[in-house]
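Structural characterization, general
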Amino acid sequence: MAIDFETANEHRGSPCAVGMTKVVDGHVAGTWGTLIQPPTGLSHFNPFNIAVHGITPAGVTSAPGWKAVLADIMAFADGLPLVAHNAGFDMSVVRAASEAEGMPWPELRYTCSQTVARRTWKLLSYSLPYCADAAGITFANHHDAGADATAAAQVMLAAMQSAGTTSLDGLLEGHQIRWGWMTPAGEWSGSHYRGHGARKPLPGANPNADPDGALYGATVCLTGKLTSMTRDEAFRKLAEIGAQPAENVTKKTDILVSASQTQLKPGDTLSGKAKKAQALLEAGQDIEVLDEDEFLRRLHS
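These notes cover the structure that comes with them. Keep in mind that this is a model prediction, so the values were computed, not measured.

**So, the overall build of the chain**
Counting secondary structure elements, the chain contains 10 helices and 11 strands. In terms of C-alpha radius of gyration, the chain reaches 18 Å, essentially the compact-globule figure of 19 Å for 301 residues. Summarising its shape, the C-alpha atoms of the chain cover approximately 50 × 45 × 35 Å along the three principal directions. Looking at the chain residue by residue over its 301 residues, the buried ones come to 52%. Long-range pairs, those at least 24 residues apart, make up 68% of the contacts in the chain between residues at least 6 apart in sequence. When the accessible surface of the chain is summed, it comes to about 13,200 Å², and 51% of that surface belongs to carbon and sulfur atoms. Seen as two clouds, the 24 positive and the 31 negative side-chain charges of the chain have centres 8 Å apart.

**Quick word on helix H9 (residues 272–282)**
Of the positions making up H9, those classed as buried are Ala274, Ala277, Leu280 and Leu281. Take H9 and look down its axis: the buried residues cluster within an arc of 115°, on one side only. Structural note: H9 exposes Gly272, Lys275 and Glu282 on the side pointing more than 90 degrees away from its buried face. Where H9 is buried, its residues touch strand S10 (255–258) and strand S11 (288–291).

**Focus: the pairing of strand S2 (residues 15–24)**
Residues in a regular strand point their side chains to alternate faces of the sheet. Extensive coverage of S2 is indicated by the burial of seven of its 10 residues. Of the pairings in the sheet, the one linking strand S1 (residues 2–7) to S2 comprises six bridges and is antiparallel in character. Counterpart to aspartate 4 in the pairing with S2 is glycine 19. Pairing between S2 and strand S3 (residues 27–35): eight bridges, direction antiparallel. Considered in S3, the bridge of methionine 20 is made with tryptophan 32. Between S2 and S3, which follow one another and run antiparallel, lie two residues, and aspartate 25 among them has a positive phi close to 55°.

**Some points on the pattern of salt bridges**
One pass over the full model with this rule turns up 10 salt bridges. Linking arginine 298 and glutamate 288 is a salt bridge whose minimum nitrogen-to-oxygen distance equals 2.5 Å. Residue arginine 298 is found in helix H10 (residues 292–299), and its partner glutamate 288 is found in strand S11; the two are separated by 10 residues along the sequence. The residues arginine 298 and glutamate 288 share a single accessibility class, namely buried. Notably, a salt bridge pairs arginine 298 with glutamate 294, separated by 2.9 Å at the nearest N-O pair.

**Describing the nonpolar core**
If you look at the biggest cluster of nonpolar residues, it comprises 26 residues, and the most contacted ones within it are Ile3, Phe5, Val18, Met20, Trp66, Ile73 and Leu82. Every element with two or more residues in this core is listed here: S1, S2, helix H2 (66–77), strand S4 (82–84), helix H3 (87–100) and strand S5 (108–112). If we ignore the near neighbours within four places in the chain, the residues touching isoleucine 73 are Ile3, Phe5, Val18, Met20, Trp32 and Trp66. With 21 residues, the next largest nonpolar core counts Ala132, Met156, Ala158 and Leu172 among its residues.

Here is what the cut-offs are and how they apply
- Residues numbered from 1 in each chain as written.
- Predicted model: local features only at pLDDT ≥ 70, side-chain atom pairs only at ≥ 80, totals over all residues.
- Heavy atoms only, no water.
- Helix = DSSP H or I, 4+ residues; strand = E, 2+ residues; numbered from the N terminus.
- Rg over C-alpha atoms; globule rule 2.2 N^0.38 Å.
- Buried < 20%, exposed > 50% of the residue type's maximum accessible area, 1.4 Å probe, protein only.
- Contact = heavy atoms within 4.5 Å.
- Areas by Shrake-Rupley, 256 points an atom, 1.4 Å probe, with all protein chains shown as cover.
- Lys, Arg positive; Asp, Glu negative; His and termini not counted.
- Charge placed at Lys NZ, Arg CZ, Asp CG, Glu CD.
- Arc of directions from axis to C-beta.
- Pairing = 2+ DSSP bridges.
- Salt bridge = Lys/Arg side-chain N within 4 Å of Asp/Glu carboxyl O.
- Core = buried A, V, L, I, M, F, W, Y, C linked by side-chain atoms within 4.5 Å.

So, to be careful, I would describe these as geometric facts and stop short of saying anything about function.
If you want it as structure tokens, here you go:
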């Protein structure tokens, strides 16, 4: 069961749309989705988010609230585990929106198609358009929640075929990826690759940051001008979450944020730094390029 959320603003507790795609016996068996009225106090729409997904305040005025939507999500999932592309983001939406409405978290088991894609293909970017392209999937309407959920499901099916397995458990075990989970008691654990062991904080970064954070322990370089914040703000936020901001792409760089593009997709013209990242990737370095939206999703995932 694949799921995708879009949010009204930078706060994870501001879902404004959800899409879900059910897979049975290796085939898409149904889809469901709805716009969402974000929780009170978190309902403002950031211009950056509107530019990404096209949803406006007027579009959600008659949409159901989070309590009703979560009940529908659980009913449609019907006990199946969830898959999301960058599950750290989507599952943080579930937790934050529930907390904003004073509700307990649901009981969920989940995994991440982005984490699986990293173990399946060697790509310049693991954004959904790049992963769909690697999987041979025709994919349009990125950031439409329903389209993204279907693409995530298809990426997982392609990864399963590549791994020669027909089960999610077999796929995750083969790639040393643990299931993520959350409980109504407020306990949770993310879905992560187990092979590298614990990542270490970097000099100058916050040693008390969450080691399960998506960018923890990563050296991150920015190119171009961010829309959502200044470069200084981005560098401060990176240090707070245990990452190391850097000015230039080097052999130590793990992530390059290409701020010149809101959405990065195969075939786009690459900046000079992105071309250098491509060359390092082809030389064997583990390096990835993110667009600004993907960077923001990972910043607090």
